[in-house]
Amino acid sequence: MVNLQAMGRKAPLRTYLAALAASGLIGAVAAGIVGFTLNLGGIGIAAAAIVTAVAVALTVWICLLWWHGLDEAAREAHKWAWWWGGTAGTLLGGLGIIGLSIVGDADGRLPGGLASLSQVDGIRLAVVTVLLLQVGGYGVAWAVWWLARSRG
């Protein structure tokens with residue numbers, strides 16, 4: 001078994017990429033199994049829930065191993081970036097959702113190319129957009145944190 005804690009102290013980027021790849025693989029396998037089991041009816045929904053719970057637990061475990069292998073400076077950079085970047089992404093995504101919820105015609109349809117979306121598809125699009133903005137904001141804030149400290 002790979003010791004991510006020991007490896008993280010020696011090669012943080014390699015450790016991060018290994019944790020990211022393992023998490024992605026777990027997500028891909030889980031998504032495939034869930035997609036198959038949902039076609040099985042009621043028992044499939046229960047199986048999908050169990051597979052999803054196991055995949056989340058494994059991914060959290062991998063992330064904890066990675067986190068414990070980081071030094072204090074790297075931990076602070078990630079915490080700062082998630083706080084400021086994630087918050088900014090949430091704000092921008094929330095403003096977009098609010099903006100889209102107050103525009104539209106008398107029937108409540110959105111303007112332009114969004115008019116063809118169902119309510120469920122609109123919600124899915126909004127959730128993915130907020131998540132992407134959070135991750136993007138995190139990436140920008142993380143880079144700003146390190147750049148501000150590397151100029152010293």
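Residues numbered from 1 in each chain as written. Predicted model: local features only at pLDDT ≥ 70, side-chain atom pairs only at ≥ 80, totals over all residues. Heavy atoms only, no water.

Enquirer: Explain the packing of helix 2 (residues 12–37) against helix 3 (residues 42–68) to me, using residue names and the numbers behind them.
Expert: Packing of helix 2 against helix 3 leaves a shortest axis separation of 9 Å and a crossing angle of 175°. Considered as vectors, helix 2 and helix 3 are oriented roughly antiparallel to each other. Each of P12, T15, Y16, A19, A22, S23, I26, A30, I33, V34 and T37 in helix 2 lies in contact with helix 3, whose residues at this interface are G44, I45, A47, A48, V51, T52, A55, L58, T59, I62 and W66. Of the residues contributing to the contact of helix 2 with helix 3, the split by class is 16 nonpolar, 6 polar and no charged. (Axes fitted to C-alpha atoms, helices over the stretch in contact; angles between N-to-C directions. Helix = DSSP H or I, 4+ residues; strand = E, 2+ residues; numbered from the N terminus. Parallel < 35°, antiparallel > 145°, perpendicular 65-115°, else oblique. Contact = heavy atoms within 4.5 Å. Nonpolar A, V, L, I, M, F, W, Y, C, P; charged D, E, K, R; others polar.)

Enquirer: Quick rundown of the confidence of the model for the chain? Include the residues and the values.
Expert: Here the chain averages 83 in pLDDT, while 86% of its residues score no lower than 70. Across the chain, the element-wise mean pLDDT spans from 51 in helix 1 (residues 4–10) up to 91 in helix 3. (pLDDT = per-residue confidence, 0-100.)

Enquirer: Got a sec to walk through the packing of aromatic side chains? Specific residues and values, please.
Expert: To describe a pair of aromatic rings, you give the distance between the ring centres and the angle between the ring planes. Considering all chains together, one arrives at 6 aromatic pairs under this definition. By the ring-pair criterion, three or more aromatic residues cluster together here, those being Y16, W66 and W67. (Phe/Tyr/Trp six-rings, centres within 6.5 Å; stacked < 30°, edge-to-face > 60°.)

Enquirer: Any details on the pattern of salt bridges? Residues and values, ideally.
Expert: Tallied over the entire structure, the rule returns 1 salt bridge. Across the salt bridge formed by K79 and E76, the nearest N and O atoms sit 2.8 Å from each other. Of this pair, K79 and E76 both sit in helix 4 (residues 72–102), 3 residues apart, which is roughly one turn of that helix. Judged by relative accessible area, which is 42%, K79 ranks as partly exposed. (Salt bridge = Lys/Arg side-chain N within 4 Å of Asp/Glu carboxyl O. Buried < 20%, exposed > 50% of the residue type's maximum accessible area, 1.4 Å probe, protein only.)

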